[in-house]
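The residues making up each chain are set out below.
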Amino acid sequence: GSVLFGLAGLFVALGALLLWPLRTLLRYLRGRRRLRRARARRVVVLGLDGLDPCLVKQGLREGRLPHLRRLAEQGGFRPLATTTPAMSPVAWSGFATGVDAGRHNIFDFLNRDLRTCLPVLSSTRLEPAGRVLKLGPWRLPLGKPRFELLRRSKAFWQVLGEHGVKATVLRVPITFPPEKVDGQMLSAMCVPDLRGTQGTFSWYGADPDQGAPIDGASAGVAPVADGETIGGVRNRLERDGDLWRARLAGPDDLDGRPLSVPVEVRFDAAARRAHFRVGGRAFTLGADVNSDWIRVAFRAGPGLTAHGICKFRVTSFEEPVGFYVTPVHIDPEKPALAISHPAHYAVALGKLHGPFATLGLAEDTWALNERVIDEQAFLDQAYEIHEERRRQFFHALDRQRTGSITVVFDATDRIQHMFFRYLDPAHPANAGKDVARHRHALRDLYDRADALVGETMARLRPGDVLLVVSDHGFKTFQRGVNLNTWLREHGYLFLLDDPAGGPPPPVAPGARVEPTRIDWSRTRAYATGLGGFYLNLKGREARGIVEPEAADALKLELAAKLRGLRDPGRGCACVNGVWDGRECYHGPYVGNGPDLGVGYKAGWRTGWDAAVGRVTADVFEDNTRSWSGDHCVDPRLVPGVLFSSLPFAATKPALTDLAPTILDLFGIAKPAWMTGRSLLPDGGAA
């Protein structure tokens with residue numbers, strides 16, 4: 001049997017080799033026929049995440065953004081209706097598939113586990129490796145962990161491949177694990193760091209409980225308030241004469257114990273230099289600079305080594321000394337798991353251009369939120385990553401002569417999140433922070449985005465079509481809303497120690513009650529994520545109590561109360577609209593989305609604790625984090641933008657229209673399941 005199996009495999013391989021010339025010829029002829037119907041030889045989609053139409057129009061009125069102006073005159077410019085809700089994972093999934101969340105299954109950054117009602121990542125599921133073989137002191141895994149992309153439907157680049165059109169997909173959100181495409185793909189949002197998280201920074205200090213001091217090397221870095229550190233870990237440096245020692249954490253070994261590599265530093269306060277040795281590599285850092293990518297290797301056993309890269313930045317050269325380390329990214333040249341298709345594509349990019357950020361959310365917004373780095377450090381990091389993406393994009397643009405090239409740049413989103421407070425003098429996040437040095441950060445950001453558009457236009461060839469797209473716009477984020485607290489106050493949610501009768505006892509100011517303390521036997525509704533909330537439905541949630549026949553009445557009751565929700569701190573209503581998920585979404589996955597969606601007015605958003613299912617003392621609180629701008633509001637308030645080098649007919653285009661439009665440009669009829677429409681003047685013809 002083994003011999004026959006081997007012979008069969010040999011004959012199949014030989015047959016595939018003999019048929020290769022014929023397959024290549026048929027593909028060439030099919031491509032030639034398609035090109036005769038196509039309106040474009042190449043379609044370039046330049047995604048600028050979060051680019052806001054109001055700020056674009058302001059720049060145009062001021063005589064800035066010359067390349068976007070020229071592109072608008074050449075083809076067109078319109079605000080672009082975003083998805084519901086207006087979040088990057090939902091929006092870019094709609095862009096790729098041409099359908100709403102009811103058909104592509106991505107409704108939020110977070111969803112909930114129906115067994116526990118606890119928050120889980122909405123777009124990717126991990127299946128552990130399973131058993132481990134013990135050989136004396138060694139542990140060998142039997143199999144590999146498996147990641148599953150939870151986005152459903154089919155992206156336009158897959159449809160293109162079915163028609164012989166090559167596609168390059170660079171860092172488009174919700175492409176991890178990478179899909180098989182006729183071309184190449186580099187994954188983006190939800191690619192984990194080497195620790196398996198969505199990004200865990202490290203900060204090291206002689207006195208980590210007090211954070212980094214304010215000095216010349218770290219202007220604006222404030223002492224950290226008491227409480228948890230979100231998004232990272234604070235570590236204590238140990239002194240040995242003039243040498244400081246620590247360990248950089250990596251992934252866990254097969255027994256669940258954390259692996260690490262040694263870090264040694266000598267600080268020279270007079271010269272403002274720090275001399276590092278990390279895992280055997282030595283380098284020197286000055287003030288206000290990031291290191292190059294530093295390679296680190298975590299050995300778990302014979303033949304089991306996880307390779308990562310990270311950057312260092314000194315936050316204080318004087319005692320108490322301190323330095324910051326980015327999350328440990330997967331090394332693209334030695335990836336611990338597949339982050340591209342084909343798998344060697346990431347390796348090739350690393351060989352061509354050097355190490356680059358691979359983490360899905362690469363810009364470390366939590367390090368700035370936690371004030372372990374300052375605004376300048378964040379800008380330096382964001383633009384370094386932007387430059388890496390730019391090199392990869394232009395490499396593809398200069399070499400791929402036909403087909404589609406799609407890239408998304410994230411700096412436009414991340415920098416607006418962290419610097420929107422500079423546009424709003426009354427923003428509560430301005431308290432105790434710089435309000436002058438970086439007041440033009442967003443203006444500079446839009447000018448850089450325009451320059452990128454100009455460079456792209458200069459590389460276009462005859463027959464190319466350029467689409468500049470953003471998935472949503474931006475608004476100020478001043479006040480957080482905790483719907484779990486509101487639901488508890490109104491008798492829809494109960495904690496385990498809440499009495500059976502009478503009002504619930506107040507939560508202590510500043511306290512956070514984890515969702516594990518919710519009493520599901522009495523709770524009828526709960527919130528997780530940023531877009532809405534769910535009923536504890538019997539037959540769907542493992543501990544559901546709401547009878548299905550009572551669900552519609554309960555939703556109507558909750559929606560009526562929420563539409564009148566007022567913020568006593570501002571003396572006005574904060575909700576712009578409430579919608580029933582079954583009326584908003586259409587398709588087979590509607591039941592996975594929120595039962596009620598909430599669209600806030602500009603200035604409000606789901607609070608930080610509410611997003612992960614917690615209950616707090618107050619329904620409303622000031623947002624004092626550096627993350628001061630957002631788009632998780634009523635989607636009608638935050639459209640994206642669409643610029644095109646080719647005129648388009650639609651006066652009110654939507655993000656879900658772009659997939660059918662791209663197919664139409666190649667002369668390919670949109671599949672019947674796509675609900676978007678082509679934006680071309682005679683888009684129905686295809």
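Look up a bit, the structure's there.
Report follows, based on the coordinates. Predicted model, so just to flag it, every value in this text is computed and none were measured.

Calculation rules
- Residues numbered from 1 in each chain as written.
- Predicted model: local features only at pLDDT ≥ 70, side-chain atom pairs only at ≥ 80, totals over all residues.
- Heavy atoms only, no water.
- Pairing = 2+ DSSP bridges.
- Helix = DSSP H or I, 4+ residues; strand = E, 2+ residues; numbered from the N terminus.
- Contact = heavy atoms within 4.5 Å.
- Axes fitted to C-alpha atoms, helices over the stretch in contact; angles between N-to-C directions.
- Disulfide = S-S within 2.5 Å.
- Buried < 20%, exposed > 50% of the residue type's maximum accessible area, 1.4 Å probe, protein only.
- Polar contact = N/O pair within 3.5 Å; in protein donor to acceptor, adjacent residues only side chain to side chain.
- Patch = residues over 30% accessible without salt bridge, like charges linked within 9 Å, V, L, I, M, F, W, Y side chains within 5 Å.
- Areas by Shrake-Rupley, 256 points an atom, 1.4 Å probe, with all protein chains shown as cover.
- Salt bridge = Lys/Arg side-chain N within 4 Å of Asp/Glu carboxyl O.
- Phe/Tyr/Trp six-rings, centres within 6.5 Å; stacked < 30°, edge-to-face > 60°.
- Lys NZ or Arg CZ within 6 Å of the ring centre and 35° of its normal.
- Expected span 1.5 Å × (residues − 1).
- Arc of directions from axis to C-beta.
- Core = buried A, V, L, I, M, F, W, Y, C linked by side-chain atoms within 4.5 Å.
- Parallel < 35°, antiparallel > 145°, perpendicular 65-115°, else oblique.
- Nonpolar A, V, L, I, M, F, W, Y, C, P; charged D, E, K, R; others polar.

### Describing the sheet that holds strand β25 (residues 464-469)
For sheets, the rule is that strands pair by backbone hydrogen bonds, running either parallel or antiparallel.
Here is step 1: In space, the 8 strands of this open sheet follow the order β2-β38-β25-β1-β24-β9-β10-β23, with mixed pairing throughout. Single-partner strands in this sheet number two, and they are β2 (76-80) and β23 (340-341).
Here is step 2: Pairing between β25 and strand β38 (residues 640-644): 3 bridges, direction antiparallel. From the neighbouring strand, V469 faces β38, where its bridge partner is L642.
Here is step 3: Sheet strands in contact with helix α7 (residues 344-353) are β9 (167-170), β10 (183-186) and β23, and its direction is about 75° off that of β10.

### Quick notes on the state of the cysteines
Here is step 1: Evaluated as defined, the whole model comprises 0 disulfides.
Here is step 2: Not engaged in a disulfide, the cysteine C584 finds its nearest cysteine sulfur in C632; these two sulfurs lie 14 Å apart.
Here is step 3: Since its relative accessible area comes to 22%, C584 is described here as partly exposed.

### With respect to the environment of S88
Here is step 1: In this structure, S88 sits in helix α4 (residues 88-97).
Here is step 2: On the accessibility criterion, S88 (3% relative accessible area) is buried.
Here is step 3: A sequence separation of 101 residues divides S88 from M189, and the C-alpha atoms of the two residues are 9.2 Å apart.
Here is step 4: Non-local contacts of S88, meaning those with residues more than four positions away in its chain, are made with D49, S93, F109, M189, D413, D471, H472 and H631.
Here is step 5: Among the polar contacts listed, one links the side chain of S88 to the side chain of D471, at a separation of 3.0 Å.

### Remarks on a nonpolar patch on the surface
Here is step 1: On the surface, V3, L4, L7, L10, F11, L14, L17 and L18 cluster together into a nonpolar patch covering about 890 Å² of accessible area.
Here is step 2: Relative to the assigned elements, L18 resides in helix α1 (residues 2-37).

### Topic: the side chain of N484
Here is step 1: With respect to the element layout, N484 can be found in helix α12 (residues 483-489).
Here is step 2: From its side chain, N484 meets the backbone oxygen of R614 in a polar contact 3.5 Å long.

### Thoughts on helix α10 (residues 411-419)
Here is step 1: A large share of α10 lies buried, amounting to 9 of its 9 residues.
Here is step 2: For α10, the full list of buried residues reads A411, T412, D413, R414, I415, Q416, H417, M418 and F419.

### Quick look at the packing of aromatic side chains
Here is step 1: Inspection of every chain in the model, using the stated rule, returns 24 aromatic pairs.
Here is step 2: An angle of 85° between the planes, with centres 5.6 Å apart, marks the rings of F95 and F156 as edge-to-face. Placement of F95 in helix α4 and of F156 in helix α6 (residues 156-162) is noted, with a sequence separation of 61 residues between them.
Here is step 3: You can call F156 buried: its relative accessible area is 0%.
Here is step 4: The ring of Y383 is capped by R448, whose NZ or CZ atom sits 3.6 Å from the centre of that ring.
Here is step 5: R459 extends its terminal NZ or CZ atom over the ring of F394, reaching a point 4.0 Å from the ring centre.

### Notes on helix α13 (residues 551-563)
Every α-helical turn comprises 3.6 residues, leaving residues that sit three or four positions apart pointing alike.
Here is step 1: Counted at 1.5 Å a residue, the expected span for α13 with its 13 residues is 18 Å, and the 18 Å between its end C-alpha atoms agrees.
Here is step 2: Of all the residues in α13, the buried ones are A551, L554, K555, L558, A559 and L562. Considered in projection along α13, the buried side chains sweep an arc of 130° and stay on one side of the axis. Opposite the buried face of α13, at more than 90 degrees from it, the exposed residues are D552, A553, L556 and A560.
Here is step 3: Elements in contact with the buried residues of α13: α12, β28 (525-527), β29 (532-535), β32 (575-580), α14 (581-584) and β33 (596-600).

### Things to note about the nonpolar core
Here is step 1: Ranked by internal contacts, the top residues of the largest apolar core, which has 90 residues, are L46, F276, F312, F323, F393 and I415.
Here is step 2: Judged by nonpolar contacts, the second largest core, of 39 residues, contains C117, W486, L554 and L558.

### A closer look at the pairing of strand β20 (residues 312-316)
Here is step 1: Among the 5 residues of β20, 5 are classified as buried, and the element is accordingly described as predominantly covered.
Here is step 2: Pairing analysis gives 4 bridges linking β20 to strand β21 (residues 322-325), with the strands arranged antiparallel. Within β21, the residue paired with S316 across the bridge is G322.
Here is step 3: Where β20 hands over to β21, the hairpin turn is made up of 5 residues, counted between the paired strands.

### Some remarks on the pattern of salt bridges
Here is step 1: What the rule picks out here adds up to 49 salt bridges.
Here is step 2: The salt bridge partner of E62 is R443, with a shortest N-O separation of 3.6 Å. You can see E62 sitting in the loop between α2 (53-61) and α3 (66-74) and its partner R443 sitting in helix α11 (residues 441-458), a full 381 residues away along the chain.
Here is step 3: Using a relative accessible area of 42% as the deciding quantity, one classes E62 as partly exposed.

### Considering the environment of S644
Here is step 1: Among the structural elements, S644 can be located in strand β38.
Here is step 2: Placed 570 residues apart in sequence, S644 and Q74 show a C-alpha to C-alpha distance of 7.8 Å.

### Some points on the sheet that holds strand β11 (residues 201-205)
Here is step 1: Taken in spatial order, the 4 strands line up as β12-β11-β21-β20 in an open sheet, and their pairing is mixed. Unpaired on one side and paired on the other, β12 (232-236) and β20 mark the two borders of the sheet. For this sheet, the mean angle separating the axes of adjacent strands, direction not counted, is 20°.
Here is step 2: Two strands pair when backbone bridges link them, and β11 and β12 are joined in this way by 5 bridges, in the parallel orientation. The partner of Y204 across the bridge, within β12, is N235.

### Quick look at unusual backbone geometry
Here is step 1: E319 connects to P320 through a cis peptide bond whose omega is 0°.
Here is step 2: Within the secondary structure, P320 is located in the loop between β20 and β21.
Here is step 3: The amide bond that connects H341 to the next residue, P342, takes the cis arrangement and shows omega of -10°.
Here is step 4: Tracing the backbone shows P342 in the loop between β23 and α7.
Here is step 5: Even without glycine at this site, C190 takes up a positive phi of about 90°.

### Brief notes about the packing of α7 against helix α9 (residues 375-399)
Here is step 1: In contact at an axis separation of 11 Å, α7 and α9 are set at 105° when each is read in the N-to-C sense. It follows from the interaxial angle that α7 and α9 lie roughly perpendicular. Here α7 contributes L349, L352 and H353 to the contact with α9, which in turn contributes R391, Q392 and H395.
Here is step 2: When grouped by side-chain class, the residues that make up the contact of α7 with α9 number 2 nonpolar, 3 polar and 1 charged.

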